[in-house]
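Listed below, chain by chain, are the residues.
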Amino acid sequence: MAEEVFKNVQILKGIPIDQFMGTMGFFSAALGLNCTDCHAEKSGGDWARYADDNPRKQMARRMMQMVSGVNQTYFGGRQVVTCNTCHRGTSRPNVMPSLDLLYSSPPPEEPGDPIQQASGQPTADQILDKYLRALGGAERVGAFTSFSGKGNYNAFDDAEKSPFEMYARGPAQRTIIAHPPSGDTTWTLNGNSGWVAAPATDKPMPVIAITGQELDGAKLESEVFFPARIKQSLTNWRVGFPTLINDREVNVVQGNTANGGTATLCFDVETGLLTRLVRFSNSPVGRVVTRVDYSGYRDVAGVKVPFKWTVTWLDGRSTYELTSVEPNVAIDAARFSKPVPSTPRRQ
């Protein structure tokens, strides 16, 4: 739990480390600030300094209590009001309407909010069946059961691309190892559990478990590469009204994960292929949203596989681009074991 690892945690107690870090990302995105803006500048190079108190942290605690009180008093405890309700990406809420915003083009829509089944739209089964046909057909998709691959990785603040390798096998078994200059970062799923191992410069612990709704979301992302079970990956499927992504019309299909998370899949109306996955998990302060954009589909063993995907979340963005793939290979089960801590790269 957060309070067992971090010092001076006063409100956000009783939640796992990964949810705690996601909550920090929610604060950052809602207020348009980075980590050291809210903490001490020296904390950038010393995780222990994040425990230092300052007026901004004290205000944040009061704001969390205020928001919780509003939701309890006026909305029956439902999480209707969050930091983002008032801040919208600014450290000080703007109390005056913006005339430029009022009369300018609206920002692009981000499909992902909970939806109800829209009238006059195809069923989720029809859209998912079209997706499987677009990939190569249910039979070929079902025969595609594993692969290893290599490619290039680029995080949001990386000056250059770094190599990565990937090992994947259904259901929900995947390991990605990226090799940036700061040291290896490993993301692993073994079908039931998940972990992230990263250098001390990037994460507060050598290995962090992925839990709850975040784990459900990571499993769903891995299933995109083996979509024969796509219909079983979510429950309570529903279809919203079509929308546009990058000037292309997409069908919006949504479902729920095992632990109550929400995931939205956007399929290109013309090609039937998946172009975007938006998922969110709940946190004590608001929805922690993750978006994955897929492109560069290529034929691998008769199945179209996205060779490029960009993962965007509240405090980072990473792009993966495969350059080679070996389909249906035997993969040692040890590849999906809990990763060892990352060691700094020798200069």
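Please read all numbers here as calculations on a predicted model, not as lab measurements. (Residues numbered from 1 in each chain as written. Predicted model: local features only at pLDDT ≥ 70, side-chain atom pairs only at ≥ 80, totals over all residues. Heavy atoms only, no water.)

Before going further, it helps to examine the confidence of the model for the protein. Confidence in the prediction of the protein, expressed as mean pLDDT, is 88, and 98% of residues score 70 or more. At the level of individual helices and strands, the protein shows its lowest average pLDDT in helix H3 (residues 35-38), which scores 79, and its highest in helix H7 (residues 124-135), which scores 95. (pLDDT = per-residue confidence, 0-100. Helix = DSSP H or I, 4+ residues; strand = E, 2+ residues; numbered from the N terminus.)

Time to look at the layout of surface pockets. Its volume calculated, the second largest pocket comes out at about 1,400 Å³. If you go around the second largest pocket, you meet 38 residues; those closest to its centre are Asn 84, Glu 110, Asp 113, Arg 287 and Val 289. At the level of elements, helix H2 (17-31), helix H5 (83-87), strand S11 (274-282), strand S12 (287-300) and strand S13 (303-313) are the ones that each hand at least two residues to the lining of the second largest pocket. Considered class by class, the residues forming the lining of the second largest pocket number 17 nonpolar, 13 polar and eight charged. (1 Å grid on protein atoms, 1.4 Å probe; cavity = no way out; pocket = protein on both sides within 12 Å on 5 of 7 lines; lining within 4 Å. Points joined across faces, edges and corners; volume = space filled by probe spheres on them. Nonpolar A, V, L, I, M, F, W, Y, C, P; charged D, E, K, R; others polar.)

The biggest cluster of nonpolar side chains holds 43 residues, and the ones touching the most others in it are Phe 164 and Trp 309. For this core, the leading source of residues is H7, giving seven residues. Once residues lying within four places of it in the same chain are set aside, the contact partners of Trp 309 are Phe 164, Met 166, Ile 176, Phe 225, Val 292, Asp 293, Tyr 294, Ser 318, Thr 319, Tyr 320 and Leu 322. Residues Ile 17, Phe 27, Leu 33 and Cys 38 belong to the second largest nonpolar core, which totals 17 residues. (Core = buried A, V, L, I, M, F, W, Y, C linked by side-chain atoms within 4.5 Å. Buried < 20%, exposed > 50% of the residue type's maximum accessible area, 1.4 Å probe, protein only. Contact = heavy atoms within 4.5 Å.)

Moving on to the environment of Thr 323. Tracing the backbone through its elements, the reader meets Thr 323 in strand S14 (residues 316-327). For the pair Thr 323 and Ile 127, spaced 196 residues apart in the sequence, the C-alpha separation amounts to 29 Å. Residues contacting Thr 323, with those up to four places away along its chain left out, are Lys 150, Gly 151, Asn 152, Arg 298 and Phe 307.

On inspection of all chains with the given rule, the structure shows eleven salt bridges. A salt bridge links Asp 129 to Lys 231; the shortest N-O distance between them is 2.7 Å. In this pair, Asp 129 is assigned in helix H7 and Lys 231 in the loop between helix H9 (212-223) and strand S7 (235-239), connecting sequence segments 102 residues apart. Since its relative accessible area comes to 27%, Lys 231 is described here as partly exposed. Put simply, Asp 268 and Arg 248 hold a salt bridge, and the shortest N to O gap is 2.5 Å. Taken together, the residues Asp 268 in strand S10 (residues 262-268) and Arg 248 in strand S9 (residues 248-256) connect sequence positions 20 residues apart. By sharing partners, the salt bridges in this structure join Asp 125, Asp 129 and Lys 231 into a single network. (Salt bridge = Lys/Arg side-chain N within 4 Å of Asp/Glu carboxyl O.)

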